[in-house]
Amino acid sequence: MNIEQFDYDLPEELIAQTPLENRSESRLMVVPKNGGDIKHTQFKQIIDYLHPGDCLVLNDTRVMPARLFGTKEETDAHIEVLLLKQREENRWEALVKPAKRIKVGTKISFGDGRMRALCTDVLNYGGGRVLQFEFDGIFYEILNSLGEMPLPPYIKERLDDPDRYQTVYAKEIGSAAAPTAGLHFTQSLLEEIRKKGVEIAYITLHVGLGTFRPVKVEKIEDHEMHSEFYHMSEETARLLNEVKERSGNIIAVGTTSARTLETIASNHNGRFQAESGWTDIFIYPGYTFRGIDGLITNFHLPKSTLLMLVSAFCGREQILRAYETAVKMRYRFFSFGDAMLIL
């Protein structure tokens, strides 16, 4: 398939720059995955579309303050680093800017020397480097004091409360970006959903370059995803298999949850099993889903792998019709924008 088949026109003013005061008061577009009329409501009314015996699957990853600003030790040149993926203890894959300044052997200093990094490898994607960190103390404590929340480049406004770029259930630290479909949930809405008899399960996928790397090839089949770490517990696997056996709907909250569930279901003939690993699954039209029955998601960038995933789940023409409707009705787009339920 050609990349141009996943393009659409989006006025820049529809890109949400700040989160709403109340997470659950964003708009919700309900899109039937097998065709049919699109409906419009508020996100907090999502409970009307969930039924006892269904299961919501939430990604409990927590975003790191993964953007660091340092200086090249030899020249004091300013260097920006975005941590993407931990390889081994204190060794990280990262994007660096300006990349041409950072070669193997280059040292970067952060926070007047509180933390230093040595470049040990150049990776085969733009700006990719492997950095070996040196510090005294606990890495994440130092990162919390020196790092900044890595908001996407299309968000120009300053975020006064960094917790608004975390889900209310974020727990396992390790992501370079938020699983944004989950930003709409409040604790009180989750409690209402539980009381209705809907199960809630947690998985972990640490969001890295694989999720937001742009597609730069003409034929989407030629695009290569970068791998991201995932984990499913025994408790979650058992619950999801029970839901399947009683024909309940498994609804992924976000494309990260969907990719994790599809990875595991594909590994085990449609069943779920406790496991940890790395996934580079790339889902685009023609893919046969084995793990999910529904999907809650935000509105995604043109020509992105995320738009391809939702097109695979719902049908490209149905999704592009939904996006055209969203533009006409002035929905808010991307990370802090409105949501879609495909069921």
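Below: a short report on this structure. (Residues numbered from 1 in each chain as written. Predicted model: local features only at pLDDT ≥ 70, side-chain atom pairs only at ≥ 80, totals over all residues. Heavy atoms only, no water.)

**Points about the pattern of salt bridges**
Applying the stated criterion to the full structure yields 15 salt bridges. Among the ionic pairs, Lys 44 bridges to Glu 25, the shortest N-O distance being 3.9 Å. Note that Lys 44 is positioned in the loop between strand S2 (39–42) and strand S3 (55–59) and Glu 25 in the segment before strand S1 (27–31), a separation of 19 residues in sequence. Taking the relative accessible area as the measure of exposure, Glu 25 reaches 37% and is therefore partly exposed. A salt bridge links Arg 194 to Glu 191, with the nearest nitrogen and oxygen atoms 3.6 Å apart. In this pair, Arg 194 and Glu 191 are both assigned in helix H2 (residues 187–195), three residues apart and thus about one turn of the helix distant. Assessed through its relative accessible area of 35%, Glu 191 is described here as partly exposed. Residues participating in the shared-partner salt-bridge network are Glu 73, Arg 116 and Glu 134. (Salt bridge = Lys/Arg side-chain N within 4 Å of Asp/Glu carboxyl O. Helix = DSSP H or I, 4+ residues; strand = E, 2+ residues; numbered from the N terminus. Buried < 20%, exposed > 50% of the residue type's maximum accessible area, 1.4 Å probe, protein only.)

**So, the sheet that holds strand S15 (residues 275–279)**
Each strand in a sheet pairs with its neighbour through backbone hydrogen bonds, running either in the same direction (parallel) or in the opposite one (antiparallel). Here nine strands make up an open sheet; going across it, the order is S2-S1-S17-S16-S14-S3-S12-S13-S15 and the pairing mixed. The sheet is open, and its two edges are formed by S2 and S15, each paired on a single side. With strand direction ignored, the average angle separating the axes of adjacent strands in the sheet is 25°. Alignment of strand S12 (residues 199–205) against strand S13 (residues 228–232), held across two bridges, turns out to be antiparallel. Along S13, the bridge assignment pairs Leu 205 with Tyr 230. Here H2 sits on the sheet and contacts S3 and S12; the angle it forms with S12, its principal contact strand, is near 130°. Helix-sheet contacts for helix H4 (residues 234–245) involve S3, S12, S13 and strand S14 (250–253), and the interaxial angle to S12 is about 130°. (Pairing = 2+ DSSP bridges. Axes fitted to C-alpha atoms, helices over the stretch in contact; angles between N-to-C directions. Contact = heavy atoms within 4.5 Å.)

**Notes on helix H7 (residues 316–328)**
An α-helical segment advances 3.6 residues per turn. Residues three or four places apart therefore align on the same side. Helix length check: H7, at 13 residues, gives a terminal C-alpha distance of 18 Å against a target of 18 Å (1.5 Å per residue), a fit within 8%. For H7, the full list of buried residues reads Gln 318, Ile 319, Ala 322, Tyr 323, Ala 326 and Val 327. Of the surrounding elements, those touching the buried residues of H7 are S1, strand S16 (294–298), helix H6 (305–314) and strand S17 (339–342). Following H7 by one or two positions, Arg 330 has its phi on the positive side, about 60°. (Expected span 1.5 Å × (residues − 1).)

**So, empty space enclosed by the protein**
Counted under the stated rule, the structure contains three cavities of 30 Å³ or more. Pro 19, Leu 20, Arg 23, Ser 26, Arg 164, Thr 180, Leu 183, His 184, Asn 298, Ser 335, Phe 336 and Gly 337 are the residues that line the largest cavity. Classifying every residue of the lining of the largest cavity gives four nonpolar, six polar and two charged. The computed volume of the second largest cavity comes to approximately 40 Å³. In terms of lining residues, the second largest cavity is bounded by Lys 107, Arg 116, Ala 117, Leu 118 and Glu 134. Examining the composition of the lining of the second largest cavity, we find that three residues originate from one element, strand S9 (residues 115–122), more than from any other. When grouped by side-chain class, the residues that make up the lining of the second largest cavity number two nonpolar, no polar and three charged. (1 Å grid on protein atoms, 1.4 Å probe; cavity = no way out; pocket = protein on both sides within 12 Å on 5 of 7 lines; lining within 4 Å. Points joined across faces, edges and corners; volume = space filled by probe spheres on them. Nonpolar A, V, L, I, M, F, W, Y, C, P; charged D, E, K, R; others polar.)

These values are about where atoms sit, not about what they do.
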